[in-house]
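Residue strings, one per chain:
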Amino acid sequence: MGIGVIVVTDRVVGTAEVTPGVARESVGVRRPAGPIVALACLLTLALHLLYVTGPLLSDEGGFAMVARWWSSGGDYLYGPQWVDRPPGLIATFWVANLLGPHGVRIVAGLMAAAFVLAAGWAGWAARGARAAVWSAWAAFFLMNTPLTQTFALNGELVAATWTMVGVAAGIHAVRGRVSYRAALALGALAGAAAASALLAKQNFADAAVFLLVLGLAEGLTQRRRRRRLLAIAGAAGAGFALPVSVAAGWAYTHTGLGDLVYAMYGFRVDASMVIAQWAHAGPDSRLRGLLGIALLSGIATLAVAVLVAGRRHVGLRSPLFLACVAGGLVEIAGVALGGNYSPHYLVGIAPMLALAAGVLAVQPGRGRWLVRLFVVAPVVATLIASPAAAVQVTRENTVQATGEWLARAAGRGDSVVVLYTHANVVNASGLRPVYPYAWSLPIRTIDPQLDLLAATLTDPGRAPTWVVGWDALGTWWLDADHRVAAALGTDYVRFATVCDHPIWLRRGLDRAHPPDPCAGTGIQESSIESSGGPHTPGSLPVWTSSPGVKSRSWARGRSSPAGPARSPGWSSPSGCSTGGSAGGSATTRRASST
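Here goes a summary of the coordinates provided. (Residues numbered from 1 in each chain as written. Predicted model: local features only at pLDDT ≥ 70, side-chain atom pairs only at ≥ 80, totals over all residues. Heavy atoms only, no water.)

### Looking at the overall build of the protein chain
In terms of regular secondary structure, the protein chain is built from 21 helices and eleven strands. Out of the 594 residues belonging to the protein chain, those deemed buried represent 56%. Counted over contacts in the protein chain with a minimum sequence separation of 6, partners at least 24 positions apart contribute 74%. Counting only carbon and sulfur atoms, one obtains 63% of the accessible surface of the protein chain, whose full area is about 24300 Å². (Helix = DSSP H or I, 4+ residues; strand = E, 2+ residues; numbered from the N terminus. Buried < 20%, exposed > 50% of the residue type's maximum accessible area, 1.4 Å probe, protein only. Contact = heavy atoms within 4.5 Å. Areas by Shrake-Rupley, 256 points an atom, 1.4 Å probe, with all protein chains shown as cover.)

### Observations concerning the pairing of strand S6 (residues 492-498)
Counted residue by residue, S6 has seven buried out of seven residues, so it is predominantly covered. Across six bridges, S6 lies against strand S7 (residues 501-506) in antiparallel orientation. Bridge pairing in S7 links Val498 to His501. As consecutive antiparallel partners, S6 and S7 are separated by two residues, and within that stretch Cys499 has a phi angle of approximately 55°, a positive value. (Pairing = 2+ DSSP bridges.)

### Looking at the sheet that holds S6
Spatial strand order, S4-S3-S5-S7-S6: five strands in an open sheet with mixed pairing. One side of each edge strand has no neighbouring strand; the edge strands of this open sheet are strand S4 (432-433) and S6. Of the strand pairs in this sheet, strand S3 (residues 415-419) and strand S5 (residues 466-469) are connected by four bridges, and their pairing is parallel. Considered in S5, the bridge of Val418 is made with Val468. Strand contacts of helix H21 (residues 483-491): S3, S5, S6 and S7, with the helix running at about 95° to S6, the strand carrying the most contacts. (Axes fitted to C-alpha atoms, helices over the stretch in contact; angles between N-to-C directions.)

### Focus on H21
Listing the buried residues of H21 in full gives Val484, Ala485, Ala487, Leu488 and Asp491. Within H21, the buried residues cover an arc of 160° as seen down the axis, which keeps them to one side. (Arc of directions from axis to C-beta.)

### Focus: the side chain of Arg105
When you line up the elements, Arg105 lands in helix H5 (residues 103-127). Relative accessible area serves as the criterion here: at 0%, Arg105 is assigned to the buried category. At a separation of 3.0 Å, a polar atom in the side chain of Arg105 contacts the main-chain carbonyl oxygen of Pro55. Contacts of Arg105, omitting those with residues within four sequence positions, involve Tyr51, Val52, Gly54, Pro55, Leu56, Leu57, Glu60, Phe151, Ala152 and Val393. (Polar contact = N/O pair within 3.5 Å; in protein donor to acceptor, adjacent residues only side chain to side chain.)

### Some points on the packing of helix H20 (residues 451-458) against H21
Here H20 crosses H21 at 5°, and the two axes come no closer than 9 Å. Between H20 and H21, the angle falls in the class roughly parallel. In contact with Asp451, Leu453, Ala454, Leu457 and Thr458 of H20, H21 contributes Arg483, Val484, Ala487 and Asp491. A breakdown of the residues in the contact of H20 with H21 according to their chemical character gives five nonpolar, one polar and three charged. (Parallel < 35°, antiparallel > 145°, perpendicular 65-115°, else oblique. Nonpolar A, V, L, I, M, F, W, Y, C, P; charged D, E, K, R; others polar.)

### Let's talk about the packing of aromatic side chains
Applying the stated criterion across every chain yields a total of 16 aromatic pairs. Between Tyr435 and Tyr437, the ring centres sit 5.5 Å apart and the planes meet at 90°, which makes this aromatic pair edge-to-face. One aromatic cluster is present, formed by Tyr76, Trp82, Tyr262, Phe267, Tyr435 and Tyr437 through successive ring pairs. In this arrangement the basic side chain of Arg372 is found over the ring face of Trp369, its NZ or CZ atom lying 4.5 Å from the centre. (Phe/Tyr/Trp six-rings, centres within 6.5 Å; stacked < 30°, edge-to-face > 60°. Lys NZ or Arg CZ within 6 Å of the ring centre and 35° of its normal.)

### A word on the side chain of Arg444
With respect to the element layout, Arg444 can be found in helix H19 (residues 440-446). Despite its burial, Arg444 remains without a salt bridge, the nearest opposite charge being carried by Asp471 at 9.8 Å. Not counting residues up to four positions away in its chain, the partners in contact with Arg444 are Val274, Trp278, Trp476 and Leu478. (Lys, Arg positive; Asp, Glu negative; His and termini not counted. Salt bridge = Lys/Arg side-chain N within 4 Å of Asp/Glu carboxyl O.)

### Things to note about the pattern of salt bridges
Evaluation of the coordinates by the stated rule reveals ten salt bridges. In this structure, Asp451 and Arg483 form a salt bridge, with 2.3 Å as the shortest nitrogen-oxygen distance. With Asp451 in helix H20 and Arg483 in helix H21, the pair connects residues that are 32 residues apart, well separated along the chain. Judged by its relative accessible area of 39%, Asp451 is partly exposed. Exposure remark for Arg483: the relative accessible area of 34% places this residue in the partly exposed category.

Scope: geometric values only; no functional claims are made or implied.
Given below as structure tokens:
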């Protein structure tokens, strides 16, 4: 079934449908699509490997941390951790962790290369070798533009890859000249891939919708093939049911099927109500930024070119066209309803866009030249921009530096909590997490009064060794009754300030005190991710005094309502100055109660 040297004739490859425009240009011409598609795959992998040594983003590091501790036992969906993602995604990160410290980015590169290969397969199954080439190179720029963070391993990348595989297998099963058994096998693969997409990111239903519409439309227009199509549909259904059954069985034997359903869908309903309580300025700004990224990356221009070139098919009863439109609408809805409008949301529209670009680039009419132009231009731009972007992305930032400081300072069996965002700090430290919610939205939705967090900090049997202050205690109006602040004041000692973030150590413990890695080194906050708090752009992090503990506020060099602003080197409750130096060896300090 691989893409090799394919003879393009006057018949659409794998079907009985005649496309005269394609035939006139290509009769009897051998088009070696395989090497050209393979080149796009290899270049994709090569560009992704440029990012392999960079610090992991918040979601990347967080999911890797969840996967690392998944099997350690606990009361939550993933052992000691809870996250609103399906098990297929966490399983992918579990595999990535097996590959070593750079395994996450290596798997991201492999996933992106697989997407490009699957896009070429889909284009070939739909319209032949030339369509395979155009689909593959459209996928190349969609999988490599740094503006959408495609270098990172996340739910969108994994789910989009499975979607592309499902679409390609479905087209080949339904429209290909293959044996009956091969068609059933391809149908089963298509169904399994569609389910795997949902089990990687729960809103990726585009493959399932594409297959459903394609099968129904083919059945209505190809009455003589209905029995065969029904058999393929049955195989696809069986393939879909297999991974879903495995995930449901796993959930049932762990915390219950209801917990998995809530994590995938129920939580999104609750979280949307939490988000709605806040001003719309943030989401609206991110939406405008997302539209700008779509334009600058070439995604928007290619989409417009596809619409212009595809308008002549609106009145035709083309099953492939209808399926592509249905899948595309699902993808757009997934982006629009996401709410947070992160740059990687745009990866969600890549499958249908790559397929449509490949098919329309070889169709008769002037519109194909517009599609070709807006495939070639972003490909060239991506080849130029990616190496420069990799230099920026792979620089050490405060997340990595803080996590590595914790790893050096920690003792055997130490644990950590990071307030309230940046789960990648936990992953970089390698320390055991004890609080199940490592992202801010689950905290605001499930533990908004911080009852569980306060109880965790004060429970001698499960309290974390370290607490890292990344966001202000009062961010999103959390800790309104100062219970967390009181717990930090009574059970912890302000032990150090690392990269402008306070770190508390549980009282009575002795730990090494390495120097601050950010002091005088130029290590800065990541420019890719925000701090997670609703601060004003351009403001500086200032830690000020509050009831029983030092907490963070965002100010422009002014005193906060909690008290006068102090520098990171002020004295901790233990009487030790926490200002670290850039050099020197680590010292040992005790978090005493004095």
